[in-house]
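Architecture and fold: a report
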Amino acid sequence: MREYKADVIEKKWQAVWEETGIHRTDEDESKPKFYALEQFPYPSGEGLHMGHTRVYSIGDVVARFRKMNGYRVLHVMGADAFGLPAENAAIQRGVNPRDWTLQNMERIKREQTLIGASYDWDRYISTCLPEYYKFNQWLFLLFYERGLAYRKKAQVNWCPQCSTVLANEQVENGKCWRCDSEVMRKNLEQWFLRITDYAERLLEGLDRLPKWPDKVKAMQRNWIGKSKGAHITFPIPEIDEKVTVFTTRPDTLFGVSYMVLAPEHPLVPKLIEGKETKDTILSFIEQMKKQSEIERTANDTEKIGRFTGAYAEHPLTGKQVPIWVANYVLMDYGTGAVMGVPAHDERDFEFAKKYDLPIHVVIQPSEEKGKVDSLEEAYIEDGVLVNSGPFDGMPNREAIGVIADHLAEHGLGGPTVNYRLRDWLISRQRYWGTPIPMVYCDDCGTVPVPKEELPVLLPDDIVFDGKRNPLTTSETFVQTSCPKCGKPAKRETDTMDTFVDSSWYFLRYTDAKNDELPFAKEKADQWMAVDEYIGGIEHAVLHLLYSRFFTKVLYDAGLVSVDEPFTSLLTQGMVLKDGAKMSKSKGNVVSPLEIIQRYGADTARLFILFAAPPDRDLDWSDTGVEGSYRFLNRVWRLIVQNEALFKQEIKDEKIQSSEAKELRRQLHQAIQKVTHEIGERNHFNTAISAIMKLVNELYSYPEDRERGIFKEALLRLVQLLAPMVPHITEELWNIMGQQGSVHLSAWPTYDPEALVQDEIEIVVQINGKIKEKLVVSAQADKSEIEKQAFSQEKIQSLIAGKTVRKVIVVPGRLINIVV
């Protein structure tokens, strides 16, 4: 009997698949489409890890399953190839980031091939190549033309270690998401994309994504942060200015006892000019620059502030309201100004107590009077208004709308909606990214590079010293001519945030060779939206939100026909070892290549798919891997031992024996289960479990029973396994003498009638103890089961001379005779 040699088989079929082009995309539009996509990797120097293997195995099962079910499938891969690690490698190793990246890309492609992934390599994209980033620039200009890209001076998050700006989403607990360095604040001219224009649509669209995990949708809703309330204008007579605050609680307006501005607020210098507080305030502002937004606003951060010495005027009472600056108010959120209502806000109460500020009660419970002296904490419950002029006695929830409308009628503010979401800062002071296609001319100002002159290429004559933006060191890049007047001008030296690259790459795959446009609309319309998108939940706010934003902009521009990019989202769990995330520092890393070399890719895939549902964390188990390898050997032996059967022609076989009928039922039950678990639930572990049960049934099938159903079951077994373990099933399909590839064969269908059992076995109990087993018709009712049980000689002898007090029948399970 021939031996199962995984390494030989896998190399053989990978070569055949490449030679025959079996994975090229079928564009037959008479078939339904299915777009299966795994998030593309960053080509680091470390190659693939087990988390990658899990993602690619999941995606490959989905793609192969749909192909066998008659779909035209788009299943593609690429490299998210720009980014800091390549630039850091250039600094540390003295190599060109392009060379380092391209080497790593080739390595990862080889490793993805070893896994057996069914990608259409003809559509492979790399975001660091000019043929791709040309269209990053093209799309940036589209955004600019539509008023969605703009430049402004702003306080930004600055990572001193990476020497670049970070978007708010890239600051995690006050630290850089990539290098974990403390983030500081800095004023720079930066390019932004106006994602806030799409805040409401990004929020609304989440309600149309039923196949997204609730957790991801909740994270996006929280990040967008919609708040309904009112904007209120407070005059500042001494400098002849006004300041606007946003509040969700206009019902507490009469309780305002102070106002707080962000230290960065542009009115602060005017307010403190000539005041004794000036030096104190300026020192405080410098102190705040060294703290990240996260640090300043964290719940456990002490709220500290300084009085400016200036006063605003209450818009309804005319009373003076002292103006403070404090750490907990941010210029980038709301208007950079908040009103302080200590009686009815916990944070304001804490601040007022600390600095001995007045506390005015304006809401009290309906049944009792509230007193300032009695407030040991803020009263934040509902009630009725007091000390609120014409609004006294009004329920506070009703007063929210009434007071907002009153402000609007008198030109003092009015109802409004606020969002936590900020515009997307895309400027990065690094080399290895897409150059922003803008030119600065002394005469013409800011001028976009014409689309026909794209791409603006990255130069080679740059210096990597880790101390400055490398693009500023290239005179050939910086010095250019103005596209409008032709006079000397300078190029923008910032590059784009690499999340721009991944915000539309799924569209490029639909038309990957187009050198005129990012993609043709008719090509995108053939495939979009992505039917199953697979990747980590760590991208819930960053990549997934930006991709949705890009898609909506492109929809508005008439370039696509969908406004949501991903119909279904599968966020896979992590791969753990001994309950902990795999990491080099813990010494618990398992290399996919080591497993492939020892057991084969099919074993690695089978274990990963079987060990846990895809959205759960998976704990690596060496014994589990060995068990998966043994199972594949069982399947191998089952087919090879019966190889001769496939050379026989079995015609018009009638299934008569109970064993053959049961095998047929088990086979069709397996087909039904596997089809449902893969196609409807993405629960590959339970699909594999159903296949294992079928294998056990095949091993126990008597050799002297009908061979036709046995032969059919072996064929269907290999087809059911094919999406999970593509190499061994291709070899077995070949051994069985079948034409073509198993992966191009039609997925088995089940016969509902075959699922019906003719006979079942039930337990016969006497006084709750099992005494006999009985085979009855599956359709037998209670009286028939009772009749057959009492007709058994063994049962008759056991109850002889005894009184039967009760008979309990549970159809399909048991009969209990109580004597």
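Located above this text is the structure these notes cover.
Digging into unusual backbone geometry
Note that the residue after L454, namely P455, is joined by a cis bond; omega there is 5 degrees. Phi angles above zero are rare outside glycine, and D240 is one such case at about 55 degrees. In this structure, D240 sits in the loop between strand 10 (226-236) and strand 11 (241-247). Classification of D240 as exposed rests on a relative accessible area of 70%. One non-glycine residue, N767, lies in the positive phi region at around 55 degrees. Within the secondary structure, N767 is located in the loop between strand 31 (759-766) and strand 32 (769-777).

Considering the side chain of E677
Looking at the secondary structure, you find E677 in helix 20 (residues 658-681). Under the relative-accessibility criterion, E677 is labelled buried at 2%. Excluding residues within four positions of it along the chain, E677 makes contact with N682, H683, T686 and A687.

Some thoughts on the pairing of strand 24 (residues 488-491)
With two bridges connecting them, strand 21 (residues 438-441) and strand 24 associate as antiparallel partners. In the strand pairing of strand 24, Y440 is matched with K490. Pairing of strand 23 (residues 479-481) with strand 24 involves three bridges; the strand directions are antiparallel. In the sheet register, S481 faces strand 24, and the bridge partner there is P488. Where strand 23 hands over to strand 24, the hairpin turn is made up of six residues, of which G486 adopts a positive phi near 85 degrees.

Quick notes on the sheet that holds strand 29 (residues 580-581)
Taken together, the three strands give an open sheet; going across it, the order is 29-28-30, and neighbouring strands pair in mixed fashion. Each edge of the sheet is formed by a strand with only one pairing partner; in this case those strands are strand 29 and strand 30 (618-620). Here strand 28 (residues 575-577) pairs with strand 30 via three bridges, running parallel. Across the sheet, residue K577 finds its bridge partner in strand 30, namely W620.

Reading guide: rules and limits
Residues numbered from 1 in each chain as written. Predicted model: local features only at pLDDT ≥ 70, side-chain atom pairs only at ≥ 80, totals over all residues. Heavy atoms only, no water. Helix = DSSP H or I, 4+ residues; strand = E, 2+ residues; numbered from the N terminus. Buried < 20%, exposed > 50% of the residue type's maximum accessible area, 1.4 Å probe, protein only. Contact = heavy atoms within 4.5 Å. Pairing = 2+ DSSP bridges.

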